[in-house]
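So the chains spell out like this:
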Amino acid sequence: MLGPVILAASRSDRIRRLISAAPVTKQVVDRFIPGETVEDIVPIIQDLTAKGLELTMDVVGEDITTPAQAAAARDAYLELVDRLEPLKLGARAEMSVKLSMFGQALEDGHELAFKNVRPVVEAAAAIGTTVTLDAEDHTTLDSMFAIHEELRKDFPETGCVIQSYLFRTEADARRLAASGSRVRLVKGAYKEPAEVAHQHKHEIDKAYVRILKILMDGEGYPMIGSHDPRLISIAQELAHRAGRKLDEYEFQMLYGIRSDEHLRLAAEGHRMRVYTAFGTDWYGYFMRRLAEKPANLRFFARSMITKG
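Because the structure is a prediction, the values reported are computed rather than measured. (Residues numbered from 1 in each chain as written. Predicted model: local features only at pLDDT ≥ 70, side-chain atom pairs only at ≥ 80, totals over all residues. Heavy atoms only, no water.)

So, on to the sheet that holds strand β7 (residues 250–254). Strand order around the closed barrel formed by 8 strands is β1-β2-β3-β4-β5-β6-β7-β8, with parallel pairing between neighbours. Averaged over all neighbouring strand pairs, the angle between strand axes comes to 30 degrees, with direction disregarded. Sheet analysis places strand β1 (residues 54–59) next to strand β2 (residues 93–97), joined by 3 bridges and oriented parallel. In the strand pairing of β2, T56 is matched with E94. Strands β4 (159–163) and β5 (182–186) of the sheet are contacted by helix α8 (residues 169–177), whose axis makes an angle of about 155 degrees with β4. (Pairing = 2+ DSSP bridges. Helix = DSSP H or I, 4+ residues; strand = E, 2+ residues; numbered from the N terminus. Axes fitted to C-alpha atoms, helices over the stretch in contact; angles between N-to-C directions. Contact = heavy atoms within 4.5 Å.)

Shown next, in the form of structure tokens:
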């Protein structure tokens, strides 16, 4: 029940100021966002890959209001590609992007976002890795899928994200599973109206399993974005039934959440990719992490009380 309240708070400038000013906030944010710059994140990349894990990296920030800011977001990802190149990690370190950061919501935003994201996808391909387009609220998805389809003409490894709480997603999954694309399935972390999305956890979980079965039975590469132990077990069973080898799908979890499970899955031979965000514009990302899981909110509240 708190999820929608927290998501509403993520759009409040007043609450942003209050949380940002709290002395304990940075300590808690660091649990989910381990650095502000590319140089901060390189040791994290090296540490995780040395443990047998893979990464997808997100430069946080969504509140883009000018084309110049969108260009700066593009350049931040290009800087990340430059820093990844000498590490020679290839697809073990990919990137996740939100098209809102590339100007999608601005005037002529579809064309602007495509113009900004394509150089990032091209640069990633040049060092042997790829990019996944993150899903945002339902009003942005037609544009995201169109850009995804266009990018895949030249860069077929470009991935995308689908969200089980949306009614449209089963149809999207059938289309994508037949295309050979890389698809990350998540539950969804935006406040959506009842007209377009399931509102109850049990409905979202059931939809997740139905959609995951579509992906596992299809021709694409499923990426299971979940920390839920039950869904992870179901994913393993569905992969087995579909005859998939361990390198024909992967698990993805957020940095700072269930880290022991990351290592356990990797030790069992699974591909385990850690979604690792960094940057200074952390507020929206941080609030969605609190909304997704009550334990995250309890962790934050407990830290505030202890430090207070």
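Here the focus is unusual backbone geometry. A positive phi angle, close to 55 degrees, is found at K88, a residue other than glycine. Assignment of secondary structure puts K88 in the loop between α5 (67–84) and β2. Judged by its relative accessible area of 61%, K88 falls in the exposed class. The backbone of D108 sits at a positive phi, close to 55 degrees, despite the residue not being glycine. When you line up the elements, D108 lands in the loop between β2 and α6 (109–126). (Buried < 20%, exposed > 50% of the residue type's maximum accessible area, 1.4 Å probe, protein only.)

Let us now look at the packing of helix α9 (residues 201–217) against helix α10 (residues 229–241). Between α9 and α10, whose axes approach to 10 Å, the crossing angle comes to 25 degrees. Judged on the interaxial angle alone, α10 and α9 are roughly parallel. The handedness of the crossing between α9 and α10 comes out as right-handed. Here α9 contributes D205, Y208, V209, L212, K213 and M216 to the contact with α10, which in turn contributes L231, I234, A235, L238 and A239. (Parallel < 35°, antiparallel > 145°, perpendicular 65-115°, else oblique. Left-handed = near helix turned anticlockwise from the far one by under 90°.)

Right, let's get into the packing of aromatic side chains. A complete count under the given rule lists 2 aromatic pairs for this structure. Ring plane angle 80 degrees and centroid distance 5.9 Å describe the contact between Y249 and F251, whose orientation is recorded as edge-to-face. No difference in accessibility class separates Y249 from F251, as the two residues are buried. Cation over ring: R175 sits above F145, and NZ or CZ is 4.9 Å from the ring centre. (Phe/Tyr/Trp six-rings, centres within 6.5 Å; stacked < 30°, edge-to-face > 60°. Lys NZ or Arg CZ within 6 Å of the ring centre and 35° of its normal.)

To continue, consider the pairing of strand β6 (residues 221–225). Counting buried residues in β6 gives 5 out of 5 residues, a clear majority hidden from the surface. The side-chain alternation of β6 yields two buried faces, one formed by Y221, M223 and G225 and the other by P222 and I224. In this sheet, β6 lies alongside β5 in parallel orientation, the contact comprising 4 bridges. Considered in β6, the bridge of L185 is made with I224. Between the parallel pair β5 and β6, the chain is carried across by α9, and the sense of this crossover is right-handed. Looking at chain direction, β6 and β7 are connected through 3 bridges and run parallel. (Right-handed = clockwise from strand over helix to strand, strands pointing away.)

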